[in-house]
Amino acid sequence: MNQPTPTPAPVSLPFETAHVPPAERLDAAARDERMRSPGFGRVLTEHMVTIRWTEGTGWHDARVSPYRGLEIDPATVGVHYGQIVFEGLKAYSLADGEVGIFRPDAAARRLQRSAARLAMPEMPTELFTDALVELVRADRDWVPSEVGKSLYLRPVLMATEADLDLRPAREYLFLLIAFVTDNFFPGELRPRTVWICEDYVRAAPGGTGEAKTPGNYAASLLAQEQARDRGCDQVVWLDAVERRWVEEMGGMNLFFAVGPEDSPRLLTPPLGGTILPGMTRDSLITIARDLGYPTSEEPVSVAEWRGWAGDGSLREVFACGTAAVVTPVGTVRSASGDWAVNGGRPGPIATRLRTALLDIQHGLVPDRHGWVLPVG
Ligand code: COI
C-alpha cells in the first residue's frame, strides 16, 4: 500500500486540433451569462481532449475537438466492470492576467497510482500535462476571472475494449473535459452538519479507497442519502475494521484543530490505503506548516472528537478537496448523540488556510512550492 509506482517513460504526442468554428462559438455575453452562477459540473466548455491507448501501440491519437457525445460499444469493459479512474484539478486566472493550472504533476501521479491499482496503463506525466494545457488553451475564454471561480478539469481514463472476459482491457480512452465552477458547496464558508455513518463503509484495507475510481463514489451515495434523511449535509466515514477512526467526509479529507486558542495544532487522518490522498489535503498540510501551525497526520477517533468538543479543546474541524476547497464542519450528528464544533461557526483557521490556498492558486502571492503551471 502507498508504494510509489515507477514513473512511466516520457511520451509526447502531436495533438490533432479541431476547434469549434468561430461562428459557432458562444458569444461573450452568452458565455458570461452561463458563467455567472455556474454551480458544480453543469457549465461545460466547448472542447474536449481524447487520447487512446492500445496494447502493443501504447498512447496514440491525441485530439482536441469540439465537445460532443461519445459512441461506445454496449460491451465496453469500463461500463460493465468499472475499470475507470479519474482526476479533478483546476485552472485559475492569475493576477498577472495569465491562466495557471494547480498541481498538474500531482494529479498525473495520482492518476498513475489509481490506474496501477485497477490494472490500467499509466499515462506519462508529460502527456497528461500536455492534454491539460491543450484544453485550457482551447477553452481559454471559459476561465473565470473572479477569485473563487475556476475552470475544473476532469480527466477520465476508461477501459474501452468490447470484450466481456473479466481481465484488464487491452484498449483505453483518456478523456478530458472542463467546466466552470464557483464551489461544490454554494454559500462557501457556511459550516456543514455531518452524519457519522456506522452502517456503511467507504473503503477497507486492501481495497480501492486510495484510488480515485467511480465505484468509490457510487458506493457512497446511499450513505449520503442517509445523512440527508437525518438533516445532514454530508456523511463522515469511519474505518471498516473497528468503526471508530475517522477517515473522510463525503469525497473530502478532514482536518481537526485542537489545543489552546493561541497555539492550536492541526491533525488529519493518515493515508494508509483507505483514504484518498487529496491534493488539497497535501497542499494544506504544507500551507499550515508555512503559517506556523504544528500539523501532523494522526488517527482521530470519534470518541476523541466528541471528547475534545466536550472539554473545550476542539477549536475547528474542516473538510477540504479540489471541488470544496475548505469547508467548515459546524454540527456533528451520530447514532449516540450530537455535538457542535466552534459553536457551529466558521473558525479563523479554516478561513485563513482557505484564503492562503486561493491566494497561491490565483497568483496573488509568490508560488513558493512551484505548484502553479502558467499556460499563457
Ligand atoms: C473533487 O474534490 O474534486 C472531487 O473529485 C470530489 C467530487 C467527486 C465532487
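Throughout, a residue's number is its position along its own chain's written sequence, starting from 1. Totals for whole chains, interfaces and linings use all residues, but because this is a predicted model, local features are given only for residues with pLDDT of at least 70 and pairs of side-chain atoms are given and counted only at 80 or more. Computation of side-chain values: all heavy atoms of the structure, hydrogens and water removed.

## Considering the packing of aromatic side chains
Then step 1. Here a Phe, Tyr or Trp ring, Trp counted by its six-membered ring, pairs with any other such ring whose centre lies within 6.5 Å, and the pair is stacked when the planes are under 30 degrees apart, edge-to-face when over 60, and tilted otherwise. Counted according to the given criterion, the structure contains 11 aromatic pairs.
Then step 2. Relative to Trp-305, the ring of Phe-256 lies with its centre 5.0 Å away and its plane at 85°, an arrangement referred to as edge-to-face. Taken together, the residues Phe-256 in strand E13 (residues 253–258) and Trp-305 in helix H8 (residues 302–311) connect sequence positions 49 residues apart. One exposure class covers both Phe-256 and Trp-305, and it is buried.
Then step 3. Through a chain of ring-to-ring contacts, the aromatic side chains of Phe-256, Trp-305, Trp-308 and Trp-339 assemble into a single cluster. By definition, any uninterrupted DSSP run of H or I lasting at least four residues is a helix, any uninterrupted run of E lasting at least two residues is a strand, and each is numbered from the N terminus. In this scheme, a residue with accessible area under 20% of its type's maximum is buried, one over 50% is exposed, and one in between is partly exposed, where area comes from a 1.4 Å probe on protein chains only.

## Topic: the domain arrangement of the protein chain
Then step 1. Each assigned domain of the protein chain is listed with its residue range as follows: domain 1 (15–181) and domain 2 (192–361).
Then step 2. Segmentation into domains, and thus their bounds, comes from an automatic or database assignment. In this structure, domain 1 and domain 2 have C-alpha centres spaced 28 Å apart.
Then step 3. Throughout, a contact is declared for two residues whenever any of their heavy atoms are within 4.5 Å. On the side of domain 2, 20 residues touch domain 1, which itself brings 21 residues to the contact.
Then step 4. The term buried area refers to how much accessible surface (probe radius 1.4 Å) is lost by two components on association, counted for both of them together. With both chains or domains summed, domain 1 and domain 2 bury close to 1,800 Å², and 63% of this area falls on carbon and sulfur atoms.
Then step 5. Just to be clear on terms, a salt bridge is a Lys or Arg side-chain nitrogen sitting within 4 Å of an Asp or Glu carboxyl oxygen. There are one salt bridge connecting domain 1 and domain 2.
Then step 6. Between Arg-103 and Asp-282 there is a salt bridge, with its nearest N and O atoms 2.9 Å apart.
Then step 7. In protein, a polar contact requires one atom able to donate a hydrogen and another able to accept it; more generally it is a pair of N or O atoms within 3.5 Å, and residues adjacent in sequence count only if both atoms are side-chain atoms. Applying the counting criterion to the domain 1 and domain 2 interface returns 11 residue pairs in polar contact (both at pLDDT 80 or more).
Then step 8. Counting only elements with at least two residues in the side of domain 1 that touches domain 2, the list comes to strand E5 (84–86), strand E6 (89–93) and helix H3 (104–117).
Then step 9. Here the element with the most residues in the side of domain 1 that touches domain 2 is H3; it accounts for six residues.

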